[in-house]
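Here's the letter readout for the chains.
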Amino acid sequence: MINQSQTLRALLPGDALTGGGIDGGNKAALAEIDASCRVPVLFFFLSGLAWLLAGTVLALVASIKLHTPGFLAGWEWLTFSNVRTAHLNTVIYGFASQISVGVTIWLMCRLCRIPLVAPGLITVANLFYNLGVTVGVGGILLGDSTAIEWLEMPRYATPILFISYALIAVWTLVTFRLRAERHLYVSQWYLLAAVLWFPWLYGTAQVMLLIEPVRGVVQAAVNWWFAHNVLGLWFTPIGLASIYYFIPKVIGRPIHSYYLSVLGFWSLALFYNWNGMHHLVGGPLPAWMITVSIVASVMMLIPVITVAINHHFTMVGHFGKLKYSPTLRFMVFGAVSYTLASLQGVASAVRSVSEVTHFTHHTIAHAHLGMYAFFTMVMFGAMYYILPRITQREWPSTGLISLHFWGVALGIVLYVVPMSIMGFIQGTMLNDAAVRFLDVVQFTLPWLKLRTLAGLLLAAGHVAFVLNVGWLLVRMFEPYRKPVVRILTGEAETVAAGK
Amino acid sequence: MSVIAFILLGSVVLLPAAGLLALRWATSTGQFRCPDKAALLPFDEVEPVGLETDRILGGNRR
Ligand code: HEM
Ligand code: HEM
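Residues numbered from 1 in each chain as written. Chains lettered and ligands numbered in written order. Predicted model: local features only at pLDDT ≥ 70, side-chain atom pairs only at ≥ 80, totals over all residues. Heavy atoms only, no water.

What follows concerns the overall build of chain A. A count of helices and strands for chain A gives 16 helices and 0 strands. Against the 2.2 N^0.38 benchmark of 23 Å for 499 residues, chain A shows a C-alpha radius of gyration of 23 Å, consistent with a compact globule. Dimensions of chain A, computed from the C-alpha atoms along their principal axes, are close to 75 × 50 × 45 Å. Within chain A, the proportion of its 499 residues that are buried is 61%. Roughly 18700 Å² of accessible area belongs to chain A as shown, and the carbon and sulfur atoms make up 72% of that amount. Taking the average place of the 28 positive charges on the side chains of chain A and the average place of its 17 negative ones, the gap between the two points comes to 7 Å. (Helix = DSSP H or I, 4+ residues; strand = E, 2+ residues; numbered from the N terminus. Rg over C-alpha atoms; globule rule 2.2 N^0.38 Å. Buried < 20%, exposed > 50% of the residue type's maximum accessible area, 1.4 Å probe, protein only. Areas by Shrake-Rupley, 256 points an atom, 1.4 Å probe, with all protein chains shown as cover. Lys, Arg positive; Asp, Glu negative; His and termini not counted. Charge placed at Lys NZ, Arg CZ, Asp CG, Glu CD.)

Structural data, given as structure tokens:
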């Protein structure tokens, strides 16, 4: 055992060795940790943002095609089904997952209080990851989709991704083993669970659906067990881990109730993985399987409400700070959206509601309320905090920050609210035998055009953010600009460096 | 079939076992003993409780 941890400790850079791991008292300084994370975290963030831009273009094409089917109709590789699927895979695997890994790396190092270990391992993981997504999305656009939702990437791409997930999980465990802080903060519970759950989910789904496929409805069951758990056991824990760290850090106040946060973690771990079959309400599955998932969906109110209470009471008395901190703005927007998405989700899981909303745009609205208004906003907030610290430069343009925030905040509200209402009406019309199907399609058209408008606002926000990040990087490479000491040490006075 | 049976049975036994072990480890190493202290883990001497760390907008940079 001693030998094993000594071998691992050899991974720690230079002087971080002296204190010797857990409770050795040799906790690295925050600035040192941030600097050690620079290259790997930047790799994940930059490639994630490149995929976000690609996913945004694909999203706009898909959105336009739904109200103007003749758009780009001459290009067979850009059919709606190809573009929609490529959108989902670029934003989920290319963008959201890579930003998640970047944030996880930084949070793990900070909370374990050690500089980044094994940067080579994490860089190789990044290269494999981007190779996997490129091959996978390329395969989808060439028509090689597996047609299994959320697992559409062809079989020749997924092993590459699996290797990457496995490397990331190994890196996280090594970092955890070497930690200089013995106690775990609630964010670490969420992060450790997420990085271990995901390769297991992905590997199991790959074997059962692509390598040695199960038959019949069991395929659908495995499919939605996987897809739901990507949301619940990968993105949600990483989003919540971030909120639990960044809100207290930004406002300078500990979380309202640590007990509640731990209760929230364990109840999420207990209930979320039973939820998958609520995507198949009304499907040809044994009724008890669906019923179990509906019950588990309602049980999700426990972790959701604990998280909502905790975040709200932590913020009480500090809402004025939303004016000054971009991180806080995005985080609070995300935290509120998490509660709303979950309440909408619980309602959609109930049979009588699902009868109306399933197979409608209501589900698409919910998907973006969860993945965008909650998760993506939280990741933007995290990047606003992390990037200046790892590059040691200030954000070059506050105007671009405001443009980003208001573009995406208004854009996503304009996306989710009308589409939720429209989906509900669409569902009641579809269930009415007296209404012609074509009339239902006609009814949706103006709303779908509104969604394209919302998409343009979101796209403008994304471009503003990417420009600001690019500018920040240019500053990083300008040798005459001094690093910003203030944000690294917390000193209050204004420093003119970087101006 | 054998691979699938292996995965399913393995998961059914190993995952809850891992969860229970994690819980046991957490209680035996006192992870839940002092929640007030645990809530302070994101803070330290350089960035203590009470210090705001992200004042960027509104012409009030800190
Ligand atoms: C307690 C919390 C939640 C419950 C009970 C829930 C429930 C549901 C249900 C029942 C559906 C299927 C709707 C249908 O097809 O008729 C669904 C879809 C979806 N949910 Fe949630 N949801 C919850 C939270 C979230 C969160 C936090 C996210 C994002 C991180 C999210 C993302 C999605 C997505 C992306 C879909 C669409 C999946 C697809 O069809 O491709 N949900 N949810
Ligand atoms: C410019 C912003 C975006 C626009 C305009 C947009 C638009 C769309 C469109 C048109 C679809 C297909 C809907 C359909 O099949 O009827 C879709 C699906 C989807 N999008 Fe987006 N999207 C955007 C950004 C994002 C982002 C950033 C994420 C995740 C991080 C995301 C996650 C998803 C998911 C999970 C689905 C599948 C939903 C389902 O099957 O229920 N989208 N999006």
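Past the structure itself, the notes keep going.
On to the overall build of chain B, then. The helix and strand inventory of chain B stands at 2 helices and 0 strands. Considered along the principal axes of its C-alpha atoms, chain B spans approximately 65 × 30 × 15 Å. Classification of the 62 residues of chain B by burial places 32% in the buried group. Computed over 6 positive and 6 negative side-chain charges, the separation of the two mean positions in chain B equals 5 Å.

We now examine the interface of chain A and chain B. If you look at the interface, chain A gives 53 residues, while chain B gives 40 residues. With its nearest N and O atoms 3.8 Å apart, the salt bridge here joins glutamate 52 of chain B to lysine 321 of chain A. Along the contact surface separating chain A from chain B lie 13 residue pairs in polar contact (both at pLDDT 80 or more). Contributing elements (two or more residues each) for the side of chain A that touches chain B: α6 (186-211), α7 (217-251), α8 (258-271), α11 (326-349), α13 (361-391), α14 (398-431) and α16 (486-489) of chain A. Residue classes in the side of chain A that touches chain B are distributed as 28 nonpolar, 10 polar and 15 charged. (Contact = heavy atoms within 4.5 Å. Salt bridge = Lys/Arg side-chain N within 4 Å of Asp/Glu carboxyl O. Polar contact = N/O pair within 3.5 Å; in protein donor to acceptor, adjacent residues only side chain to side chain. Nonpolar A, V, L, I, M, F, W, Y, C, P; charged D, E, K, R; others polar.)

The next point concerns the confidence of the model for chain B. Mean pLDDT over chain B stands at 82; residues scoring 70 or higher make up 90%. Overall fold confidence (pTM) sits at 0.93, and the ipTM for the predicted complex is 0.88. (pLDDT = per-residue confidence, 0-100.)

Right, let's get into the coordination of the iron atom of ligand 2. All names here are of chain A. Donor atoms from the polypeptide that coordinate the iron atom of ligand 2 comprise His87 (NE2) and His368 (NE2), at 2.0 to 2.1 Å from the metal. Between the 6 donor atoms coordinating the iron atom of ligand 2, the angles at the centre fall across 87 to 179°, so the site counts as octahedral. Pair noted here: histidine 87 is in helix α3 (residues 80-112) and histidine 368 is in helix α13, with a separation of 281 residues, a long-range link. (Donors = N, O, S within 2.8 Å, 3.2 Å for Na, K, Ca; no water. Tetrahedral: all angles 85-135°; square planar, octahedral: opposite > 155°, others 65-115°.)

Our next topic: the site of ligand 2. Residues and elements named next belong to chain A. In the vicinity of ligand 2 there are 22 residues, among which Ala59, Arg84, His87, His368 and Tyr372 approach most closely. Histidine 87 is positioned with one of its side-chain polar atoms (N or O) 2.9 Å from a nitrogen atom of ligand 2. For ligand 2, an oxygen atom lies 3.4 Å from a polar atom in the side chain of glutamate 149. Broken down by secondary-structure element, the contributors of at least two residues to the shell around ligand 2 are α2 (30-67), α3, α13 and α15 (437-476). No other element matches α13, which puts 7 residues into the shell around ligand 2. (Near = heavy atom within 4 Å.)

Residue and element names in this part refer to chain A. The backbone of leucine 72 sits at a positive phi, close to 55°, despite the residue not being glycine. Here leucine 72 lies in the loop between α2 and α3. Of note in this structure, glutamine 392 is not a glycine but carries a positive phi near 55°. Among the secondary structure elements, glutamine 392 is positioned in the loop between α13 and α14.

As a further point, take the site of ligand 1. All names here are of chain A. Neighbouring residues of ligand 1: 24 residues in total, closest Glu149, Trp150, His278, His358 and His366. Within the side chain of histidine 366, one N or O atom sits 2.9 Å away from a nitrogen atom of ligand 1. The set of elements that each furnish at least two residues to the shell around ligand 1 consists of α7, α11 and α13. Looking at the shell around ligand 1, its residues break down into 11 nonpolar, 12 polar and 1 charged.

Mapping serine 100 of chain A onto the fold places it in helix α3. Apart from residues no more than four positions distant in its own chain, serine 100 of chain A is found in contact with Trp234, Phe235, Ile238, Phe375 and Met379 of chain A.

Attention now moves to the environment of alanine 221 of chain A. Residue and element names in this part refer to chain A. Locating alanine 221 in the fold gives a position in helix α7. Among the residues examined, alanine 221 registers a relative accessible area of 10% and is labelled buried. Spatially, the C-alpha atoms of alanine 221 and serine 100 are 27 Å apart, while their sequence positions differ by 121 residues. Dropping the residues within four chain positions of it, alanine 221 is found in contact with Met277, Leu280, Leu285 and Met289.

Turning to the nonpolar core, a few remarks are in order. Residue and element names in this part refer to chain A. With 164 residues, the main nonpolar core has Tyr93, Trp106 and Phe226 as its most contacted residues. No other element matches α7, which puts 20 residues into this core. With near-sequence residues (within four places) excluded, phenylalanine 226 lies in contact with Tyr93, Trp150, Leu151, Leu201, Tyr202 and Ala205. (Core = buried A, V, L, I, M, F, W, Y, C linked by side-chain atoms within 4.5 Å.)

All names here are of chain A. Structurally, histidine 462 is set in helix α15. On the accessibility criterion, histidine 462 (4% relative accessible area) is buried. Polar contacts involving the side chain of histidine 462 include one to the side chain of threonine 56, which spans 3.0 Å. Setting aside chain neighbours within four positions, we find histidine 462 in contact with Leu52, Leu53, Thr56, Tyr372, Phe380 and Val408.

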